[in-house]
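Listed here are the chains, written in short residue letters.
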Amino acid sequence: MTDDPIPDDPRPEDPRLALAQSFIHALPHSKALGMQLTDLGEGVATITMPYDPRLIGDPATGVIHGGAISALMDTASGASVMSHPSAPRSTATLDLRIDYMRPATPGQQITARAECHHVTRSVAFIRVTAHDADPTRPVAMGTGTFTLER
Amino acid sequence: MRLPPEPVEVVKSRREAALARLVASVPYIGFLGARFDRRGDELTAHLPFQPMLIGNPMLPALHGGATAAFLEITAIIELSWSNLWEDIESGTMSEIIALPKTVTFTVDYLRSGLPRDAYARARVNRSGRRFASVHVEAWQDNRLKPFAAATAHFLMP
């Protein structure tokens, strides 16, 4: 075999990840924001969003608007619920609280990692963190609840 | 002696110009395609439907992130607008618009967002020197049936 997968390829050979990636691309708003699913585990999802001047909230600083980061964190959270081992049929956000700890550095990609840490028959509970190029200092953290359709 | 009231066209054009400048200062509002309607000092945000706002294409429903972003821009514009109002009225609005920074944003999804236009209004619950608290609700066909609501805390510029 000559075509070994490239380690940094955002679409690796894992068929489950490839399927989930196509799922994210089927969400028009996530696609419009350039989101890429980079990792999917059992109840854990990581999604990236590139820097884009159209998403700026404050031109004086060039910082991305909180709304775009909310959209990224919401999408990652929904993906983490869908990847939970209980295999829900679908999900929708009930509520999401996001704390913005610092402005994201202009020009840098934003990565959100969400974890679905608990599910009941009808509700999923998530934690989500977003960071820019420096993963040691998150730009935002959130908690949320999602509906579960079984 | 009191000055005579300003002609209505002068007042309207000054307020419209101030609102346009404020809205144009947030590029993300242009990305979403949102607009702001003004009646006196009351603002209503308007999000015309477009396919790229969809999150779930099966239902279809608006993306929760698009809804959250719409609520957040409505809150920021209302807060800035109400703080700038005195300066707008006196014609002393500064050239540089400094926007509040979001500290926390909590959104409740009340029903699924339909693939049609959405509207939102925000209410400033408290506006202090350093912090402000704003509540915002969005609806579609029926004002009394909001599909999402949020509370946000801002750090004032």
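Attention here is on the structure that accompanies the text. Given the structure is predicted, the values throughout are model-derived calculations rather than measurements.

### Topic: unusual backbone geometry
Geometrically, the link from Leu59 of chain B to Pro60 of chain B is a cis peptide bond, its omega value of -10 degrees lying close to zero. For Ala87 of chain A, which is not a glycine, the phi torsion comes out positive at approximately 50 degrees. Tracing the chain through its elements places Ala87 of chain A in the loop between helix H3 (66-82) and strand S5 (90-100). A tally of 8 C-beta atoms within 10 Å means that Ala87 of chain A is categorised as exposed.

### Overview of the packing of helix H1 (residues 8-24) of chain B against helix H3 (residues 64-90) of chain B
Residues and elements named next belong to chain B. Orientation of H1 relative to H3, taken along the N-to-C sense of each, is 140 degrees, at an axis distance of 11 Å. Considering the angle they form, H1 stands oblique to H3. Crossing of H1 against H3: the hand is right-handed. On H3, the residues that touch Arg14, Arg15, Ala18, Leu22 and Val23 of H1 are Ile77, Ser80, Trp81, Leu84 and Ile88. Of the residues in the contact of H1 with H3, the class split is seven nonpolar, one polar and two charged.

### Describing the interface of chain B and chain A
With 29 residues of chain B at the contact, the number on the chain A side is 31 residues. Secondary-structure elements contributing two or more residues to the side of chain B that touches chain A are helix H2 (27-32), strand S3 (54-56), H3 and strand S5 (101-109) of chain B. Ranked by residue count, the leading element in the side of chain B that touches chain A is S5 of chain B, at eight residues. Split into classes, the residues belonging to the side of chain B that touches chain A amount to 18 nonpolar, nine polar and two charged. As paired strands, S5 of chain A and S5 of chain B are joined by five bridges and run antiparallel to one another. Within S5 of chain B, the position partnered with Arg97 of chain A by the bridge is Thr106 of chain B.

### Some thoughts on the sheet that holds strand S7 (residues 123-131) of chain A
Pairing in this open sheet of twelve strands is antiparallel, and the strands run S1(A)-S2(A)-S6(A)-S7(A)-S8(A)-S5(A)-S5(B)-S8(B)-S7(B)-S6(B)-S2(B)-S1(B) from one edge to the other. On the outer flanks of this sheet lie strand S1 (36-41) of chain A together with strand S1 (35-39) of chain B, each paired with one strand and no other. For this sheet, the mean inter-axis angle between neighbouring strands, taken without regard to orientation, is 20 degrees. The sheet contact formed by S1 of chain A and strand S2 (residues 44-49) of chain A spans five bridges and is antiparallel. Looking across to S2 of chain A, one finds that Leu40 of chain A is bridged to Ala45 of chain A. Sitting on the sheet, H3 of chain A is in contact with S1, S2, S5, strand S6 (110-119), S7 and strand S8 (140-149) of chain A together with S5 of chain B, with an inclination near 40 degrees to S6 of chain A. Strand contacts of H3 of chain B: S5 of chain A together with S1, strand S2 (42-47), S5, strand S6 (118-127), strand S7 (131-139) and strand S8 (148-155) of chain B, with the helix running at about 50 degrees to S6 of chain B, the strand carrying the most contacts.

### A few points about the pairing of S5 of chain A
As paired elements, S5 of chain A and S8 of chain A share ten bridges and run antiparallel to each other. Paired with Asp95 of chain A across the strands is Thr145 of chain A, a residue of S8 of chain A.

### Some words on the environment of Glu72 of chain B
Looking at where Glu72 of chain B falls in the secondary structure, it is placed in helix H3. Not counting the four nearest positions on each side in its chain, Glu72 of chain B is found in contact with Gly66, Gly67 and Ser70 of chain A together with Thr102, Phe105 and Ala152 of chain B.

### Considerations on the pairing of S6 of chain A
Residue and element names in this part refer to chain A. Here S2 runs beside S6; their pairing, made up of six bridges, is antiparallel. By the bridge assignment for S6, Val44 is matched with Glu115. Sheet topology note: the S6/S7 ladder contains eight bridges and is antiparallel. Each residue of the ladder has a partner; that of Arg113, found in S7, is Thr129. Linkage of S6 to S7, two consecutive antiparallel strands, is achieved through a turn of three residues.

What counts as what
- Residues numbered from 1 in each chain as written.
- Chains lettered and ligands numbered in written order.
- Predicted model: local features only at pLDDT ≥ 70, side-chain atom pairs only at ≥ 80, totals over all residues.
- Helix = DSSP H or I, 4+ residues; strand = E, 2+ residues; numbered from the N terminus.
- Buried ≥ 20, exposed ≤ 12 C-beta atoms within 10 Å, placed from the backbone.
- Axes fitted to C-alpha atoms, helices over the stretch in contact; angles between N-to-C directions.
- Parallel < 35°, antiparallel > 145°, perpendicular 65-115°, else oblique.
- Left-handed = near helix turned anticlockwise from the far one by under 90°.
- Contact = placed C-beta atoms within 7 Å.
- Nonpolar A, V, L, I, M, F, W, Y, C, P; charged D, E, K, R; others polar.
- Pairing = 2+ DSSP bridges.

In short, the description is geometric, and any link to function would need to be established separately.
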